[in-house]
Amino acid sequence: MDSKSRETICILVILFFLLTTTSTVFASTLKVDENGDEKYSTIQEAVNNASRGDTILVSPGTYVENIYIDKKLAIKANSEYPSDVIIQAARMEEHVLHIKADGVTISGFTVKDAGGPEKTGIYLDSVKNCNISNNVLSDNQNGIGVSSSTGNILIGNNINSSRWVGIYLERSNDNLLDNNSIVLNDRDGIDFEASNNNLLKNNTINLNKQNGISLISSNSNRISNNTINSNDQLGILLEESSNNTLNDNSILNNSKGINIEGYADNHVYDNYIVDKEAPEIPFINYESTLFILGIVFVSLRIRRKI
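Heads up: these notes are all about the structure in this document. (Residues numbered from 1 in each chain as written. Predicted model: local features only at pLDDT ≥ 70, side-chain atom pairs only at ≥ 80, totals over all residues. Heavy atoms only, no water.)

## Focus on the overall build of the protein
Looking only at helices and strands, the protein features three helices and 30 strands. Taken across its 306 residues, the protein has 43% of its residues classed as buried. The long-range fraction of contacts in the protein, counting pairs at least 24 apart against all pairs at least 6 apart in sequence, stands at 41%. Accessible surface computed for the protein: about 15900 Å², of which carbon and sulfur atoms make up 52%. (Helix = DSSP H or I, 4+ residues; strand = E, 2+ residues; numbered from the N terminus. Buried < 20%, exposed > 50% of the residue type's maximum accessible area, 1.4 Å probe, protein only. Contact = heavy atoms within 4.5 Å. Areas by Shrake-Rupley, 256 points an atom, 1.4 Å probe, with all protein chains shown as cover.)

## Section: the sheet that holds strand S20 (residues 199–201)
Pairing in this open sheet of eleven strands is parallel, and the strands run S1-S2-S5-S8-S11-S14-S17-S20-S23-S26-S29 from one edge to the other. The open sheet has two free edges, formed respectively by strand S1 (29–32) and strand S29 (267–269), since each of these has just one partner strand. Here the strands of the sheet are splayed against their neighbours by 10° on average, with no regard to which way each runs. (Pairing = 2+ DSSP bridges. Axes fitted to C-alpha atoms, helices over the stretch in contact; angles between N-to-C directions.)

## Describing the side chain of asparagine 247
The topology assignment puts asparagine 247 in strand S26 (residues 245–247). Judged by its relative accessible area of 3%, asparagine 247 is buried. Side-chain polar atoms of asparagine 247 contact the side chain of arginine 222, separated by 3.3 Å. For asparagine 247, the contacting residues outside a window of four places in its chain are Arg222, Ile223, Ser224, Asn225, Tyr269, Asp270 and Asn271. (Polar contact = N/O pair within 3.5 Å; in protein donor to acceptor, adjacent residues only side chain to side chain.)

Here's what the structure looks like:
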């Protein structure tokens, strides 16, 4: 190989390196302020103008918009308190935050008012390696939806007052749900459908109006060290689901702790389960029973005479 050829190869290698690292080397921080004190006054405007790998920092305020994210970005609230930075649906019939790119981070917001059928506060749509952390999702149809998505992390979120489900996964595998609070939702706390190899740990799933957790046709998931209390129906439902591991959960004051339908080859151990007590039927003693029967007999005799 002559020197000219070696020089050409070196140039090509350098160009390839530059092209593959440009988004990291030149990543920028874009700032958003609803009052116009920064370059952008809406989050969507900042998303549209951002490059892959950029960070969007959002100042306190209420942002009435629906946001579509189609590139790898970190979108963070510039406050320690999610209540300071609110994203409220402008169009209730759509997802508030619709994520359509891998590697997106959403952190520190209150997200509210997605109201259309099957709509969510935050929707992960066929993506991987996203991080959804330290958000409050309130008064949505569903809190967080994960569809056909893999390897995502949902951590430290508070999901409450959904009109349907707190968190749902459908056809989604190898995701982590850790240290979330899922309470006071109108149906289940967490639903899995056709979703496998996911890990649920250290979550609080209380006071939902149906089941705490439902797994439908979902296999090889691990549900560990969760608190699942005072849901109106079941603590955990497994339906047509196999090879799941349920261990070290506290499952208290549900109508029934764990119910497995369809398949039996799941692994359930070291859970602390106390079911809700059924209302007591007042005890009627022998003498009272005879007295009541006597009244009924006399009543029937009187009717016959009439």
